[in-house]
Amino acid sequence: MGGGNAPRRLSGMQKQVLALYRGFLRAARSKSPDDRRRIDSVVSSEFRRNAHQVDRKNFLYIEYLLRRGKKQLDQLKSPDTTGLSSLSFAPPSQSVGSHK
Amino acid sequence: MASVSAASVAFRALSKPPLKSNETSRLKIVSLGWRKNGFPSLRSSRLHVSCAQAKPETVDKVCEIVRKQLALPAEADLTPESKFSAIGADSLDTVEIVMALEEEFGISVEEESSQNITTVQEAADLIEKLVQKKPEA
């Protein structure tokens, strides 16, 4: 459906990023509340950090991040995965707390 | 055939402002179908009708969730017409808001429609529509 009244047009790449973000949040829902909170905060800070730091015209790098993110999401979707600590995502400045 | 019977519902609804919520819901779904078939002149009327649409409880609940999600201070102004961008939400926040709404109302918002939500009212209208589509999802 072409909702023609949307004031803000997102680029295809922006949509991909948002879809990936949604995918992560959805995948996190299937985890235990504790894991989920941790995953949500890691994912959210990672996306926000990149949103601020990455030049929005740096398409190659964004595409790389998208590919990497998709792989990580696939891993996260596996029921055995309980966290993202193995992905060493968290920026060093921010201590996300306990690692598994 | 479907669109013919739909037309009579819609016109009845449009000519009579005081509506039961059941009737209006049908109107909304119906005119969505029209949009697909391309009745551009009706699009604005759909929007107009759906603006006066979602129940106050739904709007309140959406406001509450938006406040929580954005960690807005209690004194911050938040009206149904508030644009998410105006209250400091970026597109990532909007995704989070939609996800929180999905969980709260037990619905599933499609990717595309969620990207068109820009105000509390629009969110509430969409939710109302989805909730009525599948009551106990």
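Residues numbered from 1 in each chain as written. Chains lettered and ligands numbered in written order. Predicted model: local features only at pLDDT ≥ 70, side-chain atom pairs only at ≥ 80, totals over all residues. Heavy atoms only, no water.

Caption draft 1: Summary view of the overall build of chain B. A tally of regular secondary structure across chain B gives seven helices and zero strands. For chain B, the succession of helices and strands along the chain, N to C, is α-α-α-α-α-α-α. Across the 137 residues of chain B, 46% fall into the buried class. Put simply, of all contacts in chain B between residues at least 6 apart along the chain, 61% involve residues at least 24 apart. In the structure as shown, chain B presents an accessible area of about 7,500 Å², 55% of it carried by carbon and sulfur atoms. (Helix = DSSP H or I, 4+ residues; strand = E, 2+ residues; numbered from the N terminus. Buried < 20%, exposed > 50% of the residue type's maximum accessible area, 1.4 Å probe, protein only. Contact = heavy atoms within 4.5 Å. Areas by Shrake-Rupley, 256 points an atom, 1.4 Å probe, with all protein chains shown as cover.)

Caption draft 2: Structural view of the packing of helix H1 (residues 12–29) of chain A against helix H2 (residues 33–53) of chain A. All names here are of chain A. Axis separation between H1 and H2 bottoms out at 9 Å; the angle between their running directions is 165°. When the interaxial angle is binned, H1 and H2 end up roughly antiparallel. Relative to H2, the crossing made by H1 is right-handed. Residue-level inspection shows Val17, Leu20, Tyr21, Phe24, Leu25, Ala28 and Arg29 of H1 in contact with H2, the latter providing Arg36, Ile39, Asp40, Val43, Ser44, Phe47 and Arg48. In terms of residue class, the contact of H1 with H2 is built from nine nonpolar, one polar and four charged. (Axes fitted to C-alpha atoms, helices over the stretch in contact; angles between N-to-C directions. Parallel < 35°, antiparallel > 145°, perpendicular 65-115°, else oblique. Left-handed = near helix turned anticlockwise from the far one by under 90°. Nonpolar A, V, L, I, M, F, W, Y, C, P; charged D, E, K, R; others polar.)

Caption draft 3: Inspection of the confidence of the model for chain B at higher detail. Residues and elements named next belong to chain B. Put simply, chain B has an average pLDDT of 70, and 58% of its residues get 70 or more. Taken element by element, the predicted model of chain B shows its lowest mean pLDDT in helix H1 (residues 2–15) (43) and its highest in helix H5 (residues 91–105) (92). Taken as a whole, residues 1–52 scores under 50 in pLDDT and shows 41 contacts with residues more than four places along the chain or in a different chain. (pLDDT = per-residue confidence, 0-100.)

Caption draft 4: Molecular detail of the packing of aromatic side chains. If you walk through the whole model with that rule in mind, you get three aromatic pairs over all chains. Look at tyrosine 61 of chain A and tyrosine 64 of chain A: their rings are 5.9 Å apart centre to centre, the planes differ by 25°, and that puts the pair in the stacked class. Here tyrosine 64 of chain A and tyrosine 61 of chain A lie together in helix H3 (residues 59–77), a separation of three residues that amounts to about one turn. Judged by relative accessible area, tyrosine 61 of chain A falls into the partly exposed class, the value being 35%. Sitting over the ring of phenylalanine 105 of chain B, lysine 61 of chain B keeps its end group 5.3 Å from the ring centre. (Phe/Tyr/Trp six-rings, centres within 6.5 Å; stacked < 30°, edge-to-face > 60°. Lys NZ or Arg CZ within 6 Å of the ring centre and 35° of its normal.)

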